[in-house]
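Structural overview
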Amino acid sequence: MSTDSNYAHPDALVTTSWMADHLKDPGIRIIESNEDILLYDMGHVPGAVHIDWQRDLQDHTIRDYIQPEAFADLCSRNGITPETTCIFYGDKSNWWSCYALWVFRLFGHEKVKIMDGGRDKWIEEGRPLTREVPHYEKTDYPAPSMRRDAEIRAFYDDALAQSRGNLPLIDVRSPGEFRGLVTHMPEYPQEGVLRGGHIPGAYGIPWKQAVNNDATFKSAEELRKIYQTDLGLKPDDQIIAYCRIGERSSHTWFVLNYLLGFDKVRNYDGSWTEWGNRVGAPIEKSL
Amino acid sequence: MSYPPKLSAIIELFTVLPDAEKRETLIAYADQAKSQEPRDGETFDLEDVRKDEECTDTVAIYLRLDERGGAHFRISLGPQVQTLTRAMSSILCKGLEGVSPAEILEIPADFVPKIVGAELVRLRSQTVYYLLTRIKSVSKVWLQRQRSATGDINS
């Protein structure tokens, strides 16, 4: 099922070929999550449902995620039970599928996986796409008792404490954003940040270092070199990852947590669009 | 200013469509984006092929003027361009067919949310506006060249 058995949790990944052979397995739900909001409608993996990071996972009035009742409703209408294995995939090297997976983990959904290489690899290999939207029988997903914010999510105050305590903060944005030269991703429009730079003391390790050209994750050995040998992180370190709005850092969170086995990693989803606009937030530049 | 007739008809169609059908219609336009690319043997009066720093992929605009001074656009888009932008390229090629470059410069961008709808316009979907900007830019350059050629530098 996985591409590298040396990952800490190799069963957190499925390959595209495994996926192709298990499209109709009972007990799984294939979930597409993209940046391009219409991409699912243009064609998707047969049987896949669409979960949109903004429409489905975020509260529409408060900058926060949906509440447990709304999550339960989302799962129910997509035919997901607490026992369903949710396999996420999407565009942009799986940024948004990792983000959706992370939100599912926020609500305690245990059985989650990523299709390695995402949508692009599936298409590149000539695998089938359909425009048929599947309809699954509604389930009765119980509302989770709480969101696990304290375990895998960091807020501004947590990131500030991390910075002041010289604990590991990983800025996964591009080098230009980290250095404060630009306030947007390369090849992306401005997203309304007043200042450029990074959280004082953060390491600049772009998310992209963790993937190959075909969007698959690098091997366990390569990932260990990046994060452990070169950066000096240890599996029991308390780590906070951030980017601009939390999607690229979800990708790194997945790598550290599932592929390398670091179990104290949190994603700061407020990220730079909060920090770079926040009155009084200290900023470091490396021009 | 009122919109050119063909563009106006498209806007009116989208205005009355419920969200689900609006989405389906956008997908249909996105499907047609390939057919708006330059065809073998076609020649153009102006070509503007580039990838701006804040864009995901290359956007190429090709302008041909007919004998009555009406503009005809072809647009080719790189593979990473978003679906919404692909739809808008088809809409603009059809909606601006035969409109003069001077008229194109006067078209307000406020029709974009009427077509796309509030749900689909996101921060990272701003290239739907960018396409109109690029089309206006090409129209402006063509007009400036025409004026230079005729010595009308004060226009």
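Remember, it's a predicted structure, so these values are computed and weren't measured experimentally.

**A word on the pairing of strand β10 (residues 265-268) of chain A**
Residues and elements named next belong to chain A. Side chains Val265 and Asn267 of β10 all project onto a buried face; the interleaved residues Arg266 and Tyr268 project onto the opposite face, where all are buried too. As defined by bridge partners, strand β6 (residues 153-154) adjoins β10 across two bridges and the pair is classed as parallel. Across the sheet, the residue bridging to Ala154 is Tyr268, located in β10. Remark: the strand β9 (residues 239-242)/helix α10 (residues 247-259)/β10 crossover connection has right-handed handedness.

**Some words on the domain arrangement of chain A**
Interface size is commonly expressed as the accessible area that is lost once the parts come together. All names here are of chain A. Partitioning chain A into domains gives domain 1 (10-147) and domain 2 (150-275). For domain 1 and domain 2, the distance between their C-alpha centroids amounts to 23 Å. Contacts between domain 1 and domain 2 engage 18 residues on the former and 16 residues on the latter. For the side of domain 1 that touches domain 2, the secondary structure elements donating two or more residues are α4 (95-106) and α5 (118-124). Here the element with the most residues in the side of domain 1 that touches domain 2 is α4; it accounts for eight residues. Broken down by class, the residue content of the side of domain 1 that touches domain 2 amounts to 10 nonpolar, four polar and four charged.

**Some thoughts on the nonpolar core**
Residue and element names in this part refer to chain A. Ile31, Ile87, Phe88, Ala100, Leu101 and Ala241 are the most contacted members of the largest nonpolar core, which has 69 residues in total. With 10 residues, α4 is the single largest residue contributor to this core. No fewer than three residues from each of domain 1 (10-147) and domain 2 (150-275) sit in this core. Not counting the four nearest positions on each side in its chain, Ile87 is found in contact with Val14, Met19, Ile28, Ile30, Ile31, Lys113 and Met115.

**Notes on the sheet that holds strand β3 (residues 49-50) of chain A**
By way of backbone hydrogen bonds, the strands of a sheet pair with one another, either parallel or antiparallel. Residue and element names in this part refer to chain A. Taken in spatial order, the five strands make up an open sheet running β1-β5-β4-β2-β3, and their pairing is parallel. Across the chains shown, the open sheet's two edge strands, defined by having one partner strand only, are β1 (13-14) and β3. Judged from the five bridges that link them, strand β2 (residues 28-32) and strand β4 (residues 85-89) form a sheet pairing that is parallel. Bridge pairing in β4 links Glu32 to Tyr89. Against the sheet, α4 makes contact with β2, β4 and β5 (112-115), and its axis sits at roughly 180 degrees relative to β5, the strand it touches most.

Rules used throughout
Just so you know, the residues in each chain are numbered from 1, in the order the chain's sequence is written. For this description, chains carry letters from A and ligands carry numbers from 1, given in the order in which they are written. pLDDT decides what is reported in this predicted model: residues at 70 or higher carry local features, side-chain atom pairs at 80 or more are listed and counted, and totals for whole chains, interfaces and linings draw on all residues regardless. The exposure scheme places C-beta atoms from the backbone and then counts, for each residue, the other C-beta atoms within 10 Å of its own, assigning buried at 20 or more, exposed at 12 or fewer, and partly exposed in between. Comment: elements are numbered from the N terminus, with helices defined as DSSP H or I runs of at least four residues and strands as E runs of at least two. In this analysis, strands are considered paired if DSSP registers two or more bridges between them. If the strands point away from the viewer and the path from the first strand over the helix to the second runs clockwise, then the crossover is right-handed. Either an automatic procedure or a domain database provided the assignment from which the domain bounds are taken. Two residues form a contact once the distance between their C-beta atoms, set from the backbone, is within 7 Å. Asp, Glu, Lys and Arg are counted as charged, while Ala, Val, Leu, Ile, Met, Phe, Trp, Tyr, Cys and Pro are counted as nonpolar; the rest, among them Gly, fall into the polar class. The nonpolar core is taken to be a set of buried Ala, Val, Leu, Ile, Met, Phe, Trp, Tyr and Cys residues joined by way of C-beta atoms within 7 Å. For helices, the fitted axis covers only the stretch in contact; all axes are lines through C-alpha atoms, and the angles between them, taken along N-to-C directions, range from 0 to 180 degrees.

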